[in-house]
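# Working through the structure, step by step
Letter by letter, the chains look like this.
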Amino acid sequence: MLRIENVNTHYGQIQALHDVSVEVRQGEIVTLIGANGAGKTTLMMTICGDPQASSGKVIFDGKEITGQPTSMIMQQGLAIVPEGRRVFSGLTVEENLYMGSYFRSKADADVTAEHVLELFPRLRERYSQRAGTMSGGEQQMLAIGRAMMAKPRMILLDEPSLGLAPIIIQQIFDIIQKLRDEGVTIFLVEQNANQALRIADRGYVLENGRVVLEDSGDALLTNEAVRQAYLGG
Amino acid sequence: MSKIYNAIFAAGITFVLACLMIGVKLNTEGTTLTVSGASGEQWSWIVGGIVLVFLAQLFADRIDTLFGKLPKPKIGALLPAEEKRATLKPWLLAALIVGLLVWPFMVSRGAVDLATLTLIYIMLGLGLNIVVGLAGLLDLGFVAFYAVGAYTYALLSQYFGLSFWACLPIAAGLAATFGFILGFPVLRLRGDYLAIVTLGFGEIIRILLNNWTALTGGPNGISGIEKPTLFGLEFTRRAKEEGNVPFHEWMGIDYSSSYKVIFLYLIAVILMLFVVYVINRLTRMPIGRAWEALREDEIACRSLGLNRTIIKLSAFTLGASTAGFAGAFFAARQGFISPESFIFIESAIILAIVVLGGMGSQIGVILAAIVMTILPELAREFSEYRMLLFGLLMVVMMRWRPQGLVPMKRPHLELNQ
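This is a predicted model, so every value here is computed, not measured. Per chain, the residues get numbers from 1 upward, laid out in the order the sequence is written. Chain letters start at A and ligand numbers start at 1, both assigned in the order the entries are written. Only residues with pLDDT of at least 70 are given local features in this predicted model, and only at 80 or more are side-chain atom pairs given and counted; all residues enter the totals for whole chains, interfaces and linings. Side-chain figures throughout are based on the complete set of non-hydrogen atoms in the structure, without hydrogens or water.

## Observations regarding the overall build of chain B
Helix numbers and strand numbers start at the N terminus; a helix is a DSSP run of H or I with at least 4 residues, a strand a run of E with at least 2. Secondary structure summary: chain B contains 18 helices and four strands in total. Computation of the radius of gyration draws on C-alpha atoms alone. For the globule rule, the value is 2.2 Å times the number of residues to the power 0.38. Rg of the C-alpha trace for chain B: 24 Å, near the compact-globule value of 22 Å for 417 residues, within the 12% margin. Projecting the C-alpha coordinates of chain B onto the three principal axes gives extents of approximately 80 × 75 × 45 Å. Each residue is assigned to one of three classes by its accessible area relative to the maximum for its type, calculated with a 1.4 Å probe on protein chains only: buried under 20%, partly exposed between the two thresholds, exposed over 50%. Within chain B, the proportion of its 417 residues that are buried is 42%. Note on definitions: a residue-residue contact is assigned when non-hydrogen atoms from the two residues lie within 4.5 Å. Here the analysis covers contacts within chain B between residues at least 6 apart in sequence; of these, 73% occur between residues at least 24 apart. Where accessible areas are quoted, they stem from the Shrake-Rupley method and a 1.4 Å probe; at the residue level, only the protein chains shown are allowed to cover. Here chain B displays about 22,700 Å² of accessible surface, and carbon together with sulfur accounts for 68% of that area.

## Details of the sheet that holds strand E1 (residues 2-11) of chain A
Residue and element names in this part refer to chain A. Two strands are said to pair when DSSP picks up at least two bridges between them. One open sheet accounts for four strands, arranged E2-E1-E4-E5; its pairing is antiparallel. Looking at which strands have only one partner, the edges of the open sheet turn out to be strand E2 (14-24) and strand E5 (63-64). Sheet analysis places E1 next to strand E4 (residues 55-60), joined by five bridges and oriented antiparallel. By the bridge assignment, Leu 2 is partnered in E4 with Phe 60. To obtain each axis, a line is fitted to C-alpha atoms, and for helices this fit is confined to the stretch in contact; angles are then taken between N-to-C directions over 0 to 180 degrees. The strands that helix H1 (residues 40-48) touches are E1, E2 and E4; relative to E1, the one it contacts most, it runs at about 110 degrees.

## Quick word on the pairing of strand E10 (residues 210-216) of chain A
With six bridges connecting them, strand E9 (residues 202-207) of chain A and E10 of chain A associate as antiparallel partners. Pairing of Val 205 of chain A across the sheet is with Leu 213 of chain A, part of E10 of chain A.

## Concerning the domain arrangement of chain B
Domain start and stop points were drawn from an automatic or database domain assignment. Looking at the assigned domains, one finds that chain B contains domain 1 (2-69) and domain 2 (90-400). Inter-centroid distance (C-alpha atoms) of domain 1 of chain B to domain 2 of chain B is 37 Å.

## A word on the packing of helix H6 (residues 109-134) of chain B against helix H16 (residues 344-357) of chain B
All names here are of chain B. At a minimum axis separation of 8 Å, H6 and H16 run at an interaxial angle of 75 degrees. Relative to H16, the element H6 is oriented roughly perpendicular. Across the interface between the two elements, Tyr 121, Leu 124, Gly 125, Leu 128, Asn 129, Val 132 and Gly 133 from H6 touch Glu 346, Ile 349, Ile 350, Leu 351, Ile 353 and Val 354 from H16. By the convention adopted, Pro, Cys, Tyr, Trp, Phe, Met, Ile, Leu, Val and Ala count as nonpolar, Lys, Arg, Asp and Glu as charged, and the other residues, Gly among them, as polar. Residues that form the contact of H6 with H16 fall into these classes: nine nonpolar, three polar and one charged. Throughout, the term roughly parallel applies to angles under 35 degrees, roughly antiparallel to angles over 145, roughly perpendicular to angles from 65 to 115, and oblique to all others.

## Remarks on the packing of helix H3 (residues 93-100) of chain A against helix H13 (residues 286-296) of chain B
Here H3 of chain A crosses H13 of chain B at 105 degrees, and the two axes come no closer than 10 Å. One element, H3 of chain A, and the other, H13 of chain B, form an angle in the roughly perpendicular class. Residues Glu 95, Tyr 98 and Met 99 of chain A of H3 of chain A pack against Arg 289, Ala 290 and Ala 293 of chain B of H13 of chain B. Residue composition of the contact of H3 of chain A with H13 of chain B, grouped by class: four nonpolar, no polar and two charged.

## Quick notes on the confidence of the model for chain A
Close inspection of predicted coordinates is inappropriate for parts of the model with low pLDDT. For chain A, the mean per-residue pLDDT works out to 92, and 100% of the residues sit at or above 70. Note: pLDDT gives the predictor's confidence per residue, expressed from 0 to 100. Averaged pLDDT values over the elements of chain A bottom out at 87 in helix H10 (residues 224-230) of chain A and peak at 95 in strand E7 (residues 154-158) of chain A.

## Some details on the interface of chain A and chain B
In this complex, chain A contributes 26 residues to the contact, which on the side of chain B involves 26 residues. Buried surface area refers to the total accessible area, computed with a probe of radius 1.4 Å, that the two partners give up upon joining, counted for both partners together. Of the roughly 2,500 Å² buried at the junction of chain A and chain B (both faces included), carbon and sulfur atoms supply 59%. Here, a salt bridge means any side-chain nitrogen of Lys or Arg that lies within 4 Å of a carboxyl oxygen of Asp or Glu. The interface formed by chain A and chain B holds two salt bridges in total. As used in this structure description, the phrase polar contact means that two N or O atoms lie within 3.5 Å; if the pair is within protein, one of them must be able to donate a hydrogen and the other to accept it, and residues adjacent in sequence are counted only when both atoms belong to side chains. One can count six residue pairs in polar contact (both at pLDDT 80 or more) joining chain A with chain B. Sorting the residues of the side of chain A that touches chain B by element identifies helix H2 (70-73) and H3 of chain A as the ones contributing at least two each.

## Regarding the nonpolar core
Among the buried residues, those of types Ala, Val, Leu, Ile, Met, Phe, Trp, Tyr and Cys that are joined through side-chain atoms within 4.5 Å form a nonpolar core. Grouped together as the largest cluster of nonpolar side chains are 102 residues, with contacts concentrated most on Leu 124, Trp 291, Ile 337 and Phe 342 of chain B. Counting residues in each nonpolar core, the second largest holds 39 residues, with Ile 29, Ala 79, Leu 117 and Tyr 127 of chain A among its members.

## Remarks on the state of the cysteines
In this description, the term disulfide denotes a pair of cysteine sulfurs within 2.5 Å. Across all of its chains, the model carries zero disulfides over all chains by this definition. With no disulfide of its own, Cys 48 of chain A lies 14 Å from the sulfur of Cys 301 of chain B, the closest cysteine sulfur. The class of Cys 48 of chain A is buried, set by a relative accessible area of 7%.

## A few points about the pattern of salt bridges
A side chain of one charge can pair with a side chain of the opposite charge if their charged atoms are brought near each other. Throughout the structure, instances matching the rule amount to 21 salt bridges over all chains. Asp 201 of chain A is paired through a salt bridge with Arg 180 of chain A; the nearest N and O atoms lie 2.6 Å apart. Placement of the pair is Asp 201 of chain A in the loop between helix H8 (193-199) and E9 and Arg 180 of chain A in helix H7 (residues 166-181), with a sequence separation of 21 residues. Of the residues examined, Asp 201 of chain A reaches a relative accessible area of 29% and is grouped as partly exposed. A salt bridge links Glu 298 of chain B to Lys 312 of chain B, with the nearest nitrogen and oxygen atoms 3.6 Å apart.

## Describing helix H2 (residues 40-58) of chain B
Residues and elements named next belong to chain B. Expected helix span is computed as 1.5 Å times (number of residues minus one). Taking 1.5 Å as the rise per residue, H2 with 19 residues should run 27 Å; its terminal C-alpha atoms sit 27 Å apart, in good agreement. Ile 46, Ile 50 and Leu 58 are the residues of H2 that are buried. One side of H2 holds all its buried residues, which, seen down the axis, span an arc of 105 degrees. Residues of H2 that are exposed and point over 90 degrees away from its buried face: Glu 41, Trp 45 and Leu 52. The directions considered for the arc are those from the helix axis to the C-beta atoms.

## Details of a nonpolar patch on the surface
All names here are of chain B. Like-charged residues are merged into a patch within 9 Å and nonpolar side chains (Val, Leu, Ile, Met, Phe, Trp, Tyr) within 5 Å, provided each residue has over 30% relative accessible area and no salt bridge. Side chains of Tyr 5, Phe 9, Ile 13, Phe 15, Val 16, Leu 17, Leu 20, Met 21 and Leu 388 sit close together on the surface and give an oily, nonpolar patch of about 940 Å² of accessible area. Residue contributions to the nonpolar patch peak at eight residues, all from helix H1 (residues 2-23). Taking relative accessible area as the criterion, Met 21 reaches 45% and is therefore assigned partly exposed.

## Thoughts on the confidence of the model for chain B
For chain B, the mean per-residue pLDDT works out to 85, and 92% of the residues sit at or above 70. Taking the mean pLDDT of every element in chain B, the minimum, 55, falls on helix H4 (residues 75-78) of chain B and the maximum, 94, on helix H7 (residues 143-160) of chain B.

## Thoughts on the sheet that holds E10 of chain A
All names here are of chain A. If you walk across this open sheet you meet the six strands as E6-E7-E8-E3-E9-E10, and the pairing is mixed. Of all the strands in the sheet, the pair left with one neighbour each is strand E6 (78-81) and E10. Within this sheet the neighbouring strands show an average axis-to-axis angle of 15 degrees, counted without direction. Looking at chain direction, E7 and strand E8 (residues 185-190) are connected through five bridges and run parallel. Bridge assignment links Met 154 to a residue of E8, and that residue is Thr 185.

Encoded structure:
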C-alpha cells in the first residue's frame, strides 16, 4: 500500500536518511524502531512531503506522491498522528475532531465522529472541553481520533506512547490493533520497541538513517542484536 | 527587600515621566521658546502621584488579595441561563436592532455623529479581529487597508463620478486585493517579524498617498467627496445635479442638516450589521475554525491536509476587505480625507480595541470599540493626556482582565444524539 524506494533526505547539508526502502502492505501493522536521532520522524515527515526526499520515491496506493505538496498528500487517504500529539489546545474536543474531517461533508463526518466516540468513550465525556485542559493520554486519544476523522486508508503514528503512563500506553496499543481489524493499514514509529513489535506484523530497524534490519515482528523480538540494543538485553 | 527596591524604582520612573510631561512646559514668546516650570498645585499632584505609585508597588500583594476578595464582575453571570438565552436571543437581537435604528431620532446631532464614528471602529475592530484574534497573525499596519478603501471611493468619485453604493464593493474588493498582495510575502513570517513587515506596509501606503500628489493630492488630501444618496435623493439643501430633487423636498418636509447625519448613521448601522453577520457566519464555518486551528498549531493543520497558504490568505483578505468597507464609508462621511487620517496610531487603536475586547470575541470587540471611541470624547479636557490614559487603561486591563473584556466563548456545534 505504501512503498518507500531508496529514499534519501537532507536537512540542508546534512543527510538524515540514506537509501531507505520500506514497504507497508494493505492491512498490516508495520513498525519502525530506532534510537533517538535515527531518522524515524524524518522518514514520517518525508512521506508527508516535508521535508521532501532529495532522491527516491514514495508510492502510496500505486501512485507516486513524492514531490507533491503536503496538503495534497494528506488528502489522499493518508493520515498522520504527529509526534507530541499536537492537538489544538484552545479548541474543544469536538472542534478538534471536526478539523480532521475538514474535506468531508458534515453528514459523513458525523458518522465517523460517532464511531470515534465509541472507540474513545473518554472523548465523549470531554466533548465540549478545551483540548489543552486534558491529560496527555486523553490528548493522544484525541490526536488519533482526529486522524481517523478523515477516514484514511492508512494511518501513520509517530510515537503515540511518548510520555504516557503504562496503562494508557496499553489502551493506545489496543486501539491501534482495533483500527487494523477495521481495515486501516498502520505504520507505527516507536521507541517503545517491546510493545510495538508485539503488535506488529513486520518491523524495520533504523540506525543512523539506514535500515539495518527487516523482519517479522516476532523474529525481531527474539533477535539477539535487537534485544541488546532496544529491548534492554 | 526586593519589594522596596521595586517600589523605589517605580516611583523613580514616575518621577522622571511626570517631570518631563507635566513638570516642564514650553512656551512660545514671539520667536523664542522659553521653558517654565509647573505651578505649585501641579507639583503637589505630581508628588502625590509618586507617593501613590510607591505605596501601590510596596503593598502590591496586599492590594491584590484585597481586590481578589472583591466579587469579580462576571459578565457571563449577568446573562440568563443557556436554555433561556437561546429563546431570548432573537428577541434581544431584534430589540437591539430596532433600538439602534430609532435611537438617533431622539438624541443630539453630536451624539449621532459620535455613534457613527464608533460604528466605523467596530467594523475595523471586527476586521482586524479575524487577522489577529482568530488567525493569530499580528498585523500592525491594518490602517493601510482602511486607507485603500477610503481613497478608492474618494478617487473613483472624483475622477469617474461613481456613486458611494457602486464604490462600496469596489473599495472592499480593492482592499482585499491589497490584503492578498501583502499576504503572499508574509506567509512565512510570524510573530515579531510579521508585525514589522505589516507595520512597514502601513507606512508605505501612507507615504505613497502623501507623495503621489498628481493622483491623490498629497498632503492636501481630497475634499468635497460626494455624500451617499438614498436611491438618488441627496441630503443637501439644493440638489447639485440639474433636475434632481433633494430628500427633504421629495418628502415634503423642511430642510434640516441633521437628516444627513442620521442618514449616515443608519448606513453605518446597516454596514456594521452586515459585517457582524458575515463574520459571525464565517467563524461557524470550517474556514473559521481553520483560522483558529492554524493559530493553535500550524504543523497539526498541515498534517490534516489543510493548506496554510489559503487559510492565511483568506484571513488577510477578509480582514482587509472589512477595513476597505469601513474606509469607503469613512471617506463618504468625512467628505475629506488626507494621509493624516491613516497614521500608525490608528492601527494601534484598532489593535487596542481587539486586545481590549478579548481576542477573537465579537461582542468583546464591539464593546471595546465603544469604550475606546467614547472615552476620549468624555475625557475631552484631558485630551493632552489621552495617550497616558490609554496606557493606564491597558495596565488596568492587564491586571484585572488579562483575557479581555468579554473573552471568546467557543461556539458549540450541535451533537446529533
